[in-house]
Amino acid sequence: MRHLLYSVLLITLVLSCNSSKKEIPETHMYTNDLINETSPYLLQHAHNPVDWMAWNDTTLQKAKDEQKLMVISIGYAACHWCHVMERESFEDSTVAAVMNANFISVKVDREERPDVDQIYINAVTLMTGSAGWPLNVITLPDGRPVWGGTYFPKDQWKDALAKMQDIYTNDPQKLIDYATRLEEGIKSMDLIKLNTEDIDFSKYSTDEMVQKWSQSFDKTYGGYNRAPKFMMPNNYEFLLRYAVEKKDDALLKQVVLTLDNMAYGGVYDHIGGGFSRYSTDVKWHVPHFEKMLYDNAQLVSLYSNAYLVTKDEHYKEIVSETLDFIAREMTNNEGAFYSSLDADSENAAGELEEGSYYVYTKEELQKELGSDFDLFESYYNVNSFGKWEHGNYILIRNKTDKEILEKFSLTSEVLQKKKKEWNEKLYAYRNLRPKPRLDDKTLTSWNGLMIKGYVDAYKTFGEDNYLKAALKNANFISEKQLKKDGSLYHSYKDGKSTINGYLEDYAAVIQGYISLYEVTLDKQWIEKAKQLADYSFEYFFDEEKHMFYFTSKEDAALVSRNFEFRDNVIPASNSIMAKNLFVLSHHFDEQKFAKTAKQMLVNVEPEIEQYPAGFSNWLDLLANYQNKYYEVVIVGADAMEKTKEINKNYIPNKLIAGTIQPEKGALFEGRYVADETFIYVCVNNACRLPVTKTEKALEFIN
C-alpha cells in the first residue's frame, strides 16, 4: 500500500511539474519595442537583437533629436526573402551591434502602412531601377531617403551600413544634397496633371491598343510571355469583357487558356484550394507559396465571371474550393478575413523552408494513396513535368478530365469521387506538418475586395453561404471599422481597430457595398456606399487635379502626398473610386460623381495608350462610355427573384436597382405598381416599356 501511495504521489508530482512547465512563458535573449505592436510581421521581429522601433511620431522624433540616420526596413508577414534577410542579418548580433550603435532602426509592415511603403518603393525605384520586398532604405533623420535596395546578404548589408555612416560623419552635405534631388523625383512620380482635353470616349478606339497588348501574351501557357508570372486578375477581367463585347474569339481563347493553366498549375493549391501569389516559371508550376487574401478575392470574381461566359464546370470547382479555403483558414469568428498565409513553414529539421507544407515526395504519395497512385500520378504529373527540387513534387495538371477518363476508362462520377478521396487523405496528411504562419490582421481594403468576390460567386452560383459570408463581413466593417465621423480604420486585430483609412479602404468597401446592394436590394448598402464616397470627397479629393490622394488630409505629412492611379496586382484606388462614382452617379442622379469619374479617366488617358496593362481597370470604366450602359430597375414583390435571374447572365455594362415596395429616389419615382413586378431597362435616360418577364428584359440588353 505504501508503494502504491508513493507511486500515486510521484505521478501527481510529475504531472504537476509538467503542468507548471507548460505555463512558464517562453523566454528570449532579446526583446525590442515591436513587442508592443499587433502586426504579425512586426511581432516576428520583436526578439531580434536589432533595437527595432515601429513607424510612429515618437520614433521619427527620436531620429531628429539624436540626429541619427534611420534604417527603414519594410516587408510583410508572408514574404519569403524578408525571412531570409531576418535570419541572416537581423538575428545576427554583430549586425545588430552596428545598427544599434549608429542608426534608428524602423520596421514597417507594408500592408499596415502602404503610404510609407509607396514613398520608399518610389525612392528605391528611382535609385536602382526596380524595387520589391524586403525593402531596405537608409534615410536622413528627417526621413528623406539617401540609399536603398531590396534583399542584401549579410556582408553586403554590413558594408553598406558602414559606408553610409562614414559619409554621414565626414561629408553629411553630400547626403543632404542627394536627398533633396531624390525628394523632387519622388514627388514627381505619382503626381498627375489635370487633362483639359475634350475626349469623346464613345468614339475612342481601343482595338489597336489591345492588339499591341496581345503581342506580350504567352500563347502556350497563358499569361504574359515572361517569368515570374503574376495572375493580374484585373487585366483578365477587362480582356474577358472586351473579348465578349467585341466578339473576339481569339482573345477569348487566350483568356481561357490563361485561366485554365493558372487553375491547372502548381500556383493553385489542388489539395486545399486557393492560389499562391505568383509563379516563378512560365508554366505556372512553382509558386512563391504565400497565399494573399487580395489575390484570392479577385480570382474568385474572375473565375465566377468566366463561368458565366464559358459554363466551364472546372471554374465552378475552383471558386468552390477557393472559398472553402477562405472560410476554413482565412476567416475569424466575427466574419473578418485574415491577410495571408506565409510562404515558409517548418521542415522536418525545424527550420523555416519555403513550400515545405505543400510539396510531396513520390514515396509519400505512394504510401498515402496506395492503389490509386498510378491514376493520381498521371492526373497531377508526379513525373519530370511536376518535379521541383530535393525529390519533391508540386502538383500540376496538363490534361483535361476528359483525357484522363479516356486514358483510364473511367466515368466522370468515379473520377470526381477519387479526387475527393485524394484531397481528404493528402489534406489530413499535410496537416500533420507544421502549418504556414498566419497573418491574422484584417485589412479593410482587402476585406472589401473579398466582399465583392463572395458576391460575384453568389451571383453566378446562387450558394446562400456565399451571400451570408459577404453580409457578415460587410456588417463587421460597418460595426468595427467605420467610425462615428464617417471615416474608416485600415487595420483590425485582436478586437482593436487601428490606423486611419487610406483611399484604398474607401474605394474597395464602396465597391463591395455597391455589389452587395445589387444582390440584396437592401438600400442600406448603397446608402453607406454614397456616404463613404461623400467622405472621400471631403478628405481625399484634390479640387485642382480632380483625383483622390492616397492619404487623408487628416494624416501626418510624409515625404510626399501622392495619387495612386496605375493598376497593378490590385487595381489602383483611384480607378476603383472612378468606377464607383460612375455607378453611384446613376443610382443617385449625382452629376458631381458623373463629372468627376469622367475627368479622372480623361486625366489618365495619355498613359493608357502607352501601357494598357497598367490601366486595365480604367479601361473597364472606359468600356462603359463606349457601349450602352444599362440601368436595370426592378420594382415589385418578385424583385428579388428577378434580380437573381438577371445576375445569372454576364452583363458587365449594367447596374441593378430594385425594391419590393414604393421607394423614393432617382431610379424608383413613379415606378411602383401594386400587385405587379416590372423590369425597367434604361440607357441614357431613355427607357423601354416596362416588362414582367426576365427573358424579355434580357432581349433589350442583348
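See above for the structure.
Residues numbered from 1 in each chain as written. Predicted model: local features only at pLDDT ≥ 70, side-chain atom pairs only at ≥ 80, totals over all residues. Heavy atoms only, no water.

(A) Main features of the overall build of the protein chain. Helix and strand counts for the protein chain come out as 26 helices and 24 strands. By the compact-globule yardstick of 27 Å for 702 residues, the protein chain fits well, its C-alpha radius of gyration being 27 Å. Dimensions of the protein chain, computed from the C-alpha atoms along their principal axes, are close to 85 × 70 × 60 Å. Per-residue burial for the protein chain yields a buried fraction of 57% across its 702 residues. A separation of at least 24 residues holds for 69% of the contacts in the protein chain among residues at least 6 apart in sequence. About 30600 Å² of surface is accessible on the protein chain, with carbon and sulfur atoms providing 49% of the total. Across the protein chain, the mean location of the 80 positive side-chain charges is 2 Å away from that of the 105 negative side-chain charges. (Helix = DSSP H or I, 4+ residues; strand = E, 2+ residues; numbered from the N terminus. Rg over C-alpha atoms; globule rule 2.2 N^0.38 Å. Buried < 20%, exposed > 50% of the residue type's maximum accessible area, 1.4 Å probe, protein only. Contact = heavy atoms within 4.5 Å. Areas by Shrake-Rupley, 256 points an atom, 1.4 Å probe, with all protein chains shown as cover. Lys, Arg positive; Asp, Glu negative; His and termini not counted. Charge placed at Lys NZ, Arg CZ, Asp CG, Glu CD.)

(B) Geometry of the sheet that holds strand 17 (residues 489-493). With antiparallel pairing, the three strands of this open sheet are ordered in space as 16-17-18. This sheet does not close on itself; its edge strands, each paired only once, are strand 16 (442-443) and strand 18 (496-500). By the bridge criterion, two bridges tie strand 16 to strand 17 in an arrangement that is antiparallel. Each bridged residue has a counterpart across the sheet, and for Leu 443 the counterpart in strand 17 is Ser 491. (Pairing = 2+ DSSP bridges.)

(C) How the structure looks around the state of the cysteines. For the structure shown, the criterion picks out two disulfides. Here Cys 79 connects covalently by a disulfide to Cys 82, the sulfurs 2.3 Å from one another. Where Cys 79 bonds to Cys 82 through sulfur, the torsion about that S-S bond is close to 85°, and the disulfide is right-handed. Note on accessibility: Cys 79 and Cys 82 belong to one class, buried. Sulfur-sulfur distance for the disulfide between Cys 682 and Cys 687 comes to 2.0 Å. Here Cys 682 and Cys 687 share a disulfide; its torsion about the S-S bond, 105°, makes the bridge right-handed. On the basis of relative accessibility, which here comes to 0%, the residue Cys 682 falls in the buried class. (Disulfide = S-S within 2.5 Å.)

(D) Region of the structure containing the layout of surface pockets. Here the second largest pocket is characterised by a volume of approximately 860 Å³. The wall of the second largest pocket is formed by 34 residues, among which Trp 55, Asn 56, Asp 57, Leu 60 and Arg 113 lie closest to the centre. Contributions of two or more residues to the lining of the second largest pocket are made by helix 3 (57-66), strand 3 (103-109), helix 6 (114-128) and strand 18. The residue makeup of the lining of the second largest pocket, split by class, is 15 nonpolar, six polar and 13 charged. (1 Å grid on protein atoms, 1.4 Å probe; cavity = no way out; pocket = protein on both sides within 12 Å on 5 of 7 lines; lining within 4 Å. Points joined across faces, edges and corners; volume = space filled by probe spheres on them. Nonpolar A, V, L, I, M, F, W, Y, C, P; charged D, E, K, R; others polar.)

(E) Just the packing of helix 20 (residues 503-520) against helix 22 (residues 573-588), in detail. Their axes nearest at 9 Å, the elements helix 20 and helix 22 cross at an angle of 40°. Relative to helix 22, the element helix 20 is oriented oblique. Crossing of helix 20 over helix 22 shows left-handed handedness. Counted together, Leu 503, Glu 504, Tyr 506, Ala 507, Ala 508, Ile 510, Gln 511, Ile 514, Tyr 517 and Glu 518 of helix 20 and Ser 573, Asn 574, Ile 576, Met 577, Asn 580, Val 583, Leu 584 and His 587 of helix 22 form the full contact between these two elements. Tallied by class, the residues present in the contact of helix 20 with helix 22 amount to 11 nonpolar, five polar and two charged. (Axes fitted to C-alpha atoms, helices over the stretch in contact; angles between N-to-C directions. Parallel < 35°, antiparallel > 145°, perpendicular 65-115°, else oblique. Left-handed = near helix turned anticlockwise from the far one by under 90°.)

(F) The sheet that holds strand 5 (residues 145-149), seen in detail. Across the sheet, which stays open at both edges, the five strands sit in the order 1-3-2-4-5 with mixed pairing between neighbours. Looking at strand neighbours, the two that pair on one side only are strand 1 (53-54) and strand 5, the edges of this open sheet. Alignment of strand 2 (residues 69-75) against strand 3, held across seven bridges, turns out to be parallel. Looking at strand 3, one finds that Met 70 is bridged to Ile 104. Against the sheet, helix 5 (residues 93-102) engages strand 2 and strand 3, with an angle of about 110° to strand 3.

(G) The arrangement of the nonpolar core in detail. In this structure, Tyr 303 and Trp 618 are the most contacted members of the largest nonpolar core, which totals 181 residues. Top contributing element to this core by residue count: helix 20, with 11 residues. Excluding anything up to four places from it in sequence, Tyr 303 contacts Leu 259, Met 262, Ala 263, Phe 275, Tyr 315, Ile 318 and Val 319. (Core = buried A, V, L, I, M, F, W, Y, C linked by side-chain atoms within 4.5 Å.)

(H) How the structure looks around helix 21 (residues 523-540). Counted at 1.5 Å a residue, the expected span for helix 21 with its 18 residues is 26 Å, and the 25 Å between its end C-alpha atoms agrees. For helix 21, every residue scored as buried is listed here: Trp 525, Ile 526, Ala 529, Lys 530, Leu 532, Ala 533, Tyr 535, Ser 536, Phe 537, Tyr 539 and Phe 540. Where helix 21 is buried, its residues meet helix 19 (464-481), helix 20, strand 19 (541-542), strand 20 (547-548), helix 22 and helix 23 (591-610). (Expected span 1.5 Å × (residues − 1).)

(I) Region of the structure containing the packing of aromatic side chains. Tallied over the full model, the rule gives 45 aromatic pairs. Ring centres 6.3 Å apart and planes at 40° place the aromatic pair Tyr 224 and Tyr 236 in the tilted group. Linking Tyr 224 in the loop between helix 9 (207-214) and strand 6 (229-230) with Tyr 236 in helix 10 (residues 233-245), this pair joins segments that are 12 residues apart in sequence. Accessibility expressed as a relative area gives 6% for Tyr 224, which makes it buried. (Phe/Tyr/Trp six-rings, centres within 6.5 Å; stacked < 30°, edge-to-face > 60°.)

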